[in-house]
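Letter by letter, the chains look like this.
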Amino acid sequence: ENRGIPETELASFLEPAVHLAEQNLPSEQIFQKAFEGIAKNIPAHQISPVLNHIRQSTETIVPIVDLWVVRPEVEAMISDRGGQFDRDTFRNEMMKVSSKAVSQQVGPELVEDILNTMIEQGVLQNSRPASVVAAIGIIADVPGFAERPDQAKGMVIRAVAGGFTPSDMQKLPGAMNMAQRRSQLPAAAVVEGVFQQMDGGIPASQILQNLFNGNVGGGLPGNIPPGLENRPGQGRN
């Protein structure tokens, strides 16, 4: 109202949030995006479609998350290492990050595949709910995701299994982008380099530091991760 937004347009902001709340679904992400749009002086008619897209993404992910959070392996993780999460809180956080992923062109079937693979591979046995939430939240930000979604899947699963904290997880895409710029390697090669470091048992904090320094493969100086031979001007006569 202070920005002069007409009542009809204000109602169009509230409707998607009310629609989710009536279904016992989280609606905070609707308000957050609306506030962002208002703060940037984006016209209301451009904000409303974005809010409805978030609503649709949330509704799309509901059956996947609801079936997953009641799996015995998930309930055991929450019971043993839930911290601030009980089941309802964890469900809501998973809804929010999963709907964000879907709104960023991550297919709901990929989200489902990642969640089920974490169970199948026993990843949840030593993981914390907050790390799982953070992992789903970065899927679309993993370099090269659009071209190689399976690599992004492997990256977030292995990061959770490797003990990455939520903070580590949130820094990982930026660190990988920095490593790609400094090394001039393809995104796929940077991912393989991170896999190599994880396989070598390098702690998450050191992996991040290596990436920020442009050291893609970790290890001794001169270590050449897969893909280096494809860098322009390298490995070709």
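Residues numbered from 1 in each chain as written. Predicted model: local features only at pLDDT ≥ 70, side-chain atom pairs only at ≥ 80, totals over all residues. Heavy atoms only, no water.

Caption draft 1: A look at the nonpolar core. Formed by 70 residues in total, the largest nonpolar core has its most connected members in Trp-68, Phe-90 and Met-94. At 10 residues, the largest contribution of residues to this core is made by helix α3 (residues 44-69). (Core = buried A, V, L, I, M, F, W, Y, C linked by side-chain atoms within 4.5 Å. Buried < 20%, exposed > 50% of the residue type's maximum accessible area, 1.4 Å probe, protein only. Helix = DSSP H or I, 4+ residues; strand = E, 2+ residues; numbered from the N terminus.)

Caption draft 2: Inspection of the pattern of salt bridges at higher detail. Per the counting criterion, the structure on display carries 9 salt bridges. Across the pair Arg-55 and Glu-59 runs a salt bridge whose closest N-O atoms are separated by 3.1 Å. Of this pair, Arg-55 and Glu-59 both sit in helix α3, 4 residues apart, which is roughly one turn of that helix. Residue Arg-158 pairs with Asp-199 through a salt bridge whose shortest N-O separation is 2.3 Å. (Salt bridge = Lys/Arg side-chain N within 4 Å of Asp/Glu carboxyl O.)

Caption draft 3: Quick peek at the side chain of Lys-96. Summarising the element assignment, Lys-96 is placed in helix α5 (residues 87-103). On the accessibility criterion, Lys-96 (19% relative accessible area) is buried. Look past the residues within four positions of Lys-96 in its chain and what remains in contact with it is Pro-26, Glu-28 and Gln-29. (Contact = heavy atoms within 4.5 Å.)

Caption draft 4: Representation of unusual backbone geometry within the structure. The backbone phi angle of Asn-41 is positive, close to 60°, even though this residue is not glycine. Following the sequence through the fold, Asn-41 ends up in the loop between α2 (28-39) and α3. Asn-41 sits in the exposed class, given a relative accessible area of 60%. In this model, Gln-105 sits at a positive phi of 75°, which is unusual for a non-glycine residue.

Caption draft 5: Quick peek at α5. Its 17 residues give α5 an end-to-end C-alpha distance of 24 Å, which sits within 8% of 24 Å, the value for a rise of 1.5 Å per residue. For α5, the complete set of buried residues consists of Phe-90, Arg-91, Met-94, Met-95, Lys-96, Val-97, Ser-98, Ser-99, Ala-101 and Val-102. In the core, the buried residues of α5 are packed alongside α2, α3, α4 (72-81), α6 (108-120) and α7 (129-137). At the N-terminal end of α5, a side-chain oxygen is found 3.3 Å from the backbone nitrogen of Asp-88, two or three residues along, and the residue is Asp-86. (Expected span 1.5 Å × (residues − 1). Polar contact = N/O pair within 3.5 Å; in protein donor to acceptor, adjacent residues only side chain to side chain.)

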